[in-house]
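# Notes for the structure review
Spelled out from the first residue to the last, the chains are:
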Amino acid sequence: MDHMDHMEHMQHMHSAASFPFLAVLAGFFLVGTFFYCFRLYARNYVTSVNGYHDRENELWHGACLFGMVSCLEPTWYAFPAIVWQIVFAIGTVWYLVRAFTYGRKLPFNKQWYDFAHAGMLFGMWWMFTAPVSGVLITGLFTAYWSWFGSYYAVRIYNDFKKPHWLSFGQDIAHFVMALVMALMMLFPATFMSGGSGMHDMPGMENMPGMSNMPDMSNMSGKADTPICTGSGASVTDVDSSSISHPPGK
Ligand SMILES: [Cu+2]
């Protein structure tokens, strides 16, 4: 598509998208970040409710949700993508190591919890890095997040039997996280606008607008622009053939 046509198309689509659903989602994940910050610091309270307190879990869930805020509304924080690429790489390795070592000895833990959280953080790393893309990768991540989401849908159902705001909070945070991540895999273009900052966003050149169609340019199996870009250019903006950098970058 001709670049100027594309820009006009984008601006048209932008003004048509009046409901700020990316901002609403980012706001939800920001509340979730505060929720896990509270859990991180309120050790005695969380222990009195759950019987244990897992500092690493609280910290990494907070990081995950804060990363989602940055992904959906990159202009709210001035974090470049490289920060999240490093953070989520560390988190992924952390939980893999934990799954095979001390995590198995924690009485409240199960090995598959650690694998699930390694997968969660790996999924976030992928959102900010996207070293490669294709139908297979989209399918695998969508399957993973669908499983993750349905597990927590059942947990939310069970929470009604013995309601507590801590368990509702964590299960709803996981469920919405999984739902949004699955949708991001299936409809990446819809989540790449970055709200009000979209005109400064690297990656928007690839967008076919607020389309509900999957971005077919992601299906070619080669390196692609990450869905989450942070406040600056990603170090993995390798597909330069499809990117015309905005002026002043
Ligand atoms: Cu979790």
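Residues numbered from 1 in each chain as written. Predicted model: local features only at pLDDT ≥ 70, side-chain atom pairs only at ≥ 80, totals over all residues.

The number of helices and strands found in the protein is eight helices and zero strands. Its helices and strands in sequence order give the protein the pattern α-α-α-α-α-α-α-α, from N to C terminus. By residue count, 36% of the 249 residues in the protein fall in the buried class. (Helix = DSSP H or I, 4+ residues; strand = E, 2+ residues; numbered from the N terminus. Buried ≥ 20, exposed ≤ 12 C-beta atoms within 10 Å, placed from the backbone.)

Turning our eyes to something else, we now look at the nonpolar core. Leu65, Met68, Leu72, Leu121, Met124, Met127 and Phe128 are the most contacted members of the largest nonpolar core, which totals 46 residues. Elements that contribute at least two residues to this core include exactly α2 (21-41), α4 (55-72), α5 (81-100), α6 (111-129), α7 (135-159) and α8 (165-186). Here this core gets nine residues from one element, more than from any other, and that element is α6. Apart from residues no more than four positions distant in its own chain, methionine 124 is found in contact with Cys64, Gly67 and Phe88. (Core = buried A, V, L, I, M, F, W, Y, C linked by C-beta atoms within 7 Å. Contact = placed C-beta atoms within 7 Å.)

The interhelical angle for the contact between α2 and α4, taken along N-to-C directions, is 160°, at an axis separation of 8 Å. The orientation of α2 with respect to α4, classified from their angle, is roughly antiparallel. Crossing handedness for the pair α2 and α4: left-handed. When α2 is examined against α4, the residues Leu22, Leu25, Ala26, Phe29, Leu30, Gly32, Thr33, Tyr36, Cys37, Arg39 and Leu40 are found in contact with a partner set consisting of Arg55, Glu58, Leu59, His61, Gly62, Leu65, Phe66, Met68, Val69 and Leu72. Taken together, the residues of the contact of α2 with α4 break down into 14 nonpolar, four polar and three charged. (Axes fitted to C-alpha atoms, helices over the stretch in contact; angles between N-to-C directions. Parallel < 35°, antiparallel > 145°, perpendicular 65-115°, else oblique. Left-handed = near helix turned anticlockwise from the far one by under 90°. Nonpolar A, V, L, I, M, F, W, Y, C, P; charged D, E, K, R; others polar.)

Mapping proline 226 onto the fold places it in the segment after α8. The spacing of proline 226 and valine 132 is 94 residues in sequence and 9.2 Å in space, taken between C-alpha atoms.

Of note, the phi angle at alanine 130 is positive, near 45°, even though the residue is not glycine. The topology assignment puts alanine 130 in the loop between α6 and α7. Exposure remark for alanine 130: the 24 C-beta atoms within 10 Å place this residue in the buried category.

Okay, the confidence of the model for the protein next. Across the protein, pLDDT averages 81, with 73% of residues at or above 70. In the predicted structure, residues 194-222 sits below a pLDDT of 50 and forms 64 contacts with residues beyond four places in sequence or in another chain. Within the model, pLDDT remains below 50 along residues 233-245, and this stretch shows 27 contacts once partners closer than five positions in the same chain are excluded. (pLDDT = per-residue confidence, 0-100.)

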